[in-house]
Amino acid sequence: MRGADLILQGGQVLTMVPGARPAQAVALSGDRVLAVGSDAEVARRRGPDTRVIDLGGRTLVPGLIDAHAHMEREGLKTLRPSLAHARSIADVLAVVAAEAARKPPGSWIVTMPVGQPPFYFGGPSNLAEGRMPDRHELDAAAPDHLVYIPGLFGNWGVPPGHSALNSRALALHRIDDATCPDCSGLTIELGADGQPNGVIVETNKRPLIEFSILTQVPAFGFEDRLEGLRRSLPLYHAFGTTSIYEGHGSSPETIAVYRRLWEEGGLTMRTRLCVSPTWSNVQEARLAMRDWLSYARGRGTGDPMLSVGGVYIGLGGDKAAASAVRRALPNTGWMGFVEWANRIEDFSDYAWLAAEYDLRVHSVVVDRLAEVLDVFEAIDARFPLAARRWVVEHVGHVTAEDIGRVRRLGIMVTSIPFYMLWKNGASRLSDEARQEQFLPQRALLEAGLPLAAGSDNIPVSLFTAAWASVARQERTTGRVVGPGQALDRLQALQTVTRNGAFLSFEEDRKGTLAPGHWADLAVLDADPLTVPVDALAHIRAELTLVGGRAVHGQPFLQAQSS
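All of the points below concern the structure found in this document. (Residues numbered from 1 in each chain as written. Predicted model: local features only at pLDDT ≥ 70, side-chain atom pairs only at ≥ 80, totals over all residues. Heavy atoms only, no water.)

**Considerations on the nonpolar core**
Reasoning step 1: Met71, Met289, Phe347, Phe376, Trp390 and Val392 are the most contacted members of the largest nonpolar core, which totals 91 residues.
Reasoning step 2: With 7 residues, the single largest contributor to this core is helix α11 (residues 344-356).
Reasoning step 3: The residues contacting Phe376, other than those within four sequence positions of it, are Phe347, Val361, Leu385, Trp390, Val392, Leu409 and Ile411.
Reasoning step 4: Counting residues in hydrophobic clusters, the runner-up holds 26 residues, among them Leu462, Ala468, Val470 and Leu524. (Core = buried A, V, L, I, M, F, W, Y, C linked by side-chain atoms within 4.5 Å. Buried < 20%, exposed > 50% of the residue type's maximum accessible area, 1.4 Å probe, protein only. Helix = DSSP H or I, 4+ residues; strand = E, 2+ residues; numbered from the N terminus. Contact = heavy atoms within 4.5 Å.)

**Digging into the pattern of salt bridges**
Reasoning step 1: Going through the model one piece at a time under the given rule, you end up with 27 salt bridges.
Reasoning step 2: Residue Arg270 is joined to Asp520 by a salt bridge in which the shortest nitrogen-to-oxygen separation is 2.6 Å. In this pair, Arg270 is assigned in strand β14 (residues 270-275) and Asp520 in the loop between α18 (498-501) and β21 (521-524), connecting sequence segments 250 residues apart. For the pair Arg270 and Asp520, one class covers both residues: buried. (Salt bridge = Lys/Arg side-chain N within 4 Å of Asp/Glu carboxyl O.)

**Points about unusual backbone geometry**
Residues apart from glycine generally show negative phi values, whereas peptide bonds are mostly found in trans.
Reasoning step 1: In the segment running from Pro117 into Pro118, the intervening peptide bond is cis, with an omega of 5 degrees.
Reasoning step 2: Residue placement: Pro118 occurs in the loop between β8 (108-110) and α4 (135-141).
Reasoning step 3: Along the chain, Pro159 connects to Pro160 via a cis peptide bond; the corresponding omega equals 15 degrees.
Reasoning step 4: One non-glycine residue, Tyr120, lies in positive phi territory at about 60 degrees.

**Digging into the pairing of strand β6 (residues 59-62)**
Reasoning step 1: With 2 bridges joining them, strand β2 (residues 12-13) and β6 adopt parallel strand pairing. If you follow Val13 over to β6, its bridge partner there is Leu60.
Reasoning step 2: With 3 bridges joining them, β6 and β21 adopt antiparallel strand pairing. Paired with Pro62 across the strands is Leu521, a residue of β21. (Pairing = 2+ DSSP bridges.)

**Thoughts on the packing of helix α12 (residues 369-380) against helix α13 (residues 400-409)**
Reasoning step 1: One way to put it is that α12 packs onto α13 with a least axis distance of 11 Å and a crossing angle of 30 degrees. Two packed elements cross with a definite hand, and for α12 against α13 that hand is left-handed. On the side of α12, the interface is formed by Leu369, Ala370, Leu373, Asp374, Phe376, Glu377 and Asp380, while α13 contributes Asp402, Arg405, Val406, Arg408 and Leu409.
Reasoning step 2: Here the residues of the contact of α12 with α13 are counted per class, giving 6 nonpolar, no polar and 6 charged. (Axes fitted to C-alpha atoms, helices over the stretch in contact; angles between N-to-C directions. Left-handed = near helix turned anticlockwise from the far one by under 90°. Nonpolar A, V, L, I, M, F, W, Y, C, P; charged D, E, K, R; others polar.)

**What about the packing of aromatic side chains?**
Reasoning step 1: Under the criterion given, the structure shown has 16 aromatic pairs.
Reasoning step 2: Between Phe153 and Trp156, the aromatic rings sit 5.5 Å apart at their centres with planes inclined by 70 degrees, giving edge-to-face as the arrangement.
Reasoning step 3: By way of ring pairs, the aromatic residues Phe119, Phe121, Phe418, Trp422 and Trp467 are connected into one cluster.
Reasoning step 4: Cation over ring: Arg382 sits above Phe383, and NZ or CZ is 4.4 Å from the ring centre.
Reasoning step 5: Directly above the ring of Phe121 sits Arg475, whose terminal nitrogen or CZ lies 4.2 Å from the centroid. (Phe/Tyr/Trp six-rings, centres within 6.5 Å; stacked < 30°, edge-to-face > 60°. Lys NZ or Arg CZ within 6 Å of the ring centre and 35° of its normal.)

**A look at the sheet that holds strand β4 (residues 32-37)**
For sheets, the rule is that strands pair by backbone hydrogen bonds, running either parallel or antiparallel.
Reasoning step 1: The sheet built from 4 strands is open, its strands ordered β4-β3-β1-β5 with mixed pairing. With partners counted over all chains shown, the strands left at the sheet margins are β4 and β5 (51-54), one partner each. The mean inter-strand angle of the sheet, taken between neighbouring strand axes irrespective of direction, is 15 degrees.
Reasoning step 2: Pairing geometry for strand β3 (residues 25-29) and β4, over 5 bridges, is antiparallel. Residue pairing across strands places Ser29 opposite Arg32, the latter belonging to β4.

Here it is in structure tokens:
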């Protein structure tokens, strides 16, 4: 019998195998789990060269699977100067002046938004003056540079976003008192002299300002995105995440960035992507699906670290916004995907084509699940979907009838509990009659559906998603949204571990700790089953392994080994 390379013992091992009791130890061999059981049982796998880690009672879980990660965004945030510490306009101007001192004249200074990450709630209300710096103040701080302080990316916080530019940046974009944005949701503020004061307010959830009137602001380039992705990996691993699933779709350039890092051997996250296409009509879509997306058909193409399969098809959206984003390609700003503007009729046309060419469909549905299921049921009569595992993302309002239809069609369901419940749940409080149908996680699980949860990059930790699934509190009042749909701790862990594996047809190799499965695991700094509820959101990983290799917590590994 071959000895293990590594044994982790003396802890609580939550295998997440349905019905299994907690174990004490796990043995790894190469990139696989060799054995799971009691300390005594697993000790039989010890060989002369086995490294042994004493867990000291800590909890060990399978590596977490983020079903809606937008992982590449997190590192991008670190490429620009932070204003998180700023409590006054003077603080903001000090950052701008420091950047001006180190950058050559004529270059751009672009910062992060005003406010506290990861949400940037309140924007300029975080500053003592309650407003953004104007063009004249920015001119004084950086007279020889172009300055741009962007507003928040609406998915992080809550619009409006407040941007500020100096005079050079305004002049480059020819913004004056007669400027009329070609996208709605933008307001150019005017000063006492009737001219733009440098502040632009945007109410769009996904900012279009850089795709519309500020097209000369330096976009994130390929190398920026590559470096951002490198920086994102350890930030996600620090919370025990070992796999991501980008069901919202990735633009061609985003996929290329992941591929480059994979080719370099630097992709330490098991990454599953789907295509966010650039077509503008059904004719273009047919050609793309027929001629260029063969690699993404069925279960897709790839290896254990990177695979691409299926397409994202959007529903809803604004035509002017989608057009502006397409003009800016390959730049997608913070999104990483291509914006859409589809009526349900358009959605249906694209979905039918996808079925014909065996491309898995992914779509964010929120409260439009019933409409999407109407389309899917019509398609199912011609192209049976049960084995294809099409995915509905970001579910919101779901009825009992919807759940039955989802089961019959074999549809996968993903949820974003922190975003939907904590961040945006206030809007659901007035609809008491339907609260139990809003993100009905318990009903979905009890129906036997492998409901998976994602972070949506707000924030990166899946333990915030687990907490939201248990607490279901919204942030403005602390009230519980649909209390009957609250999950217990183990169910919440299920949505961020084993259920995510079904999205990529990998339930036989990840998401649970069982012999032969990949050695993806996390040792936690607290027990998610017993920690106080509010502390659940703050759990971190002390050690994260992907394929038996430490991607986070090397000091822990060294300190605890014998």
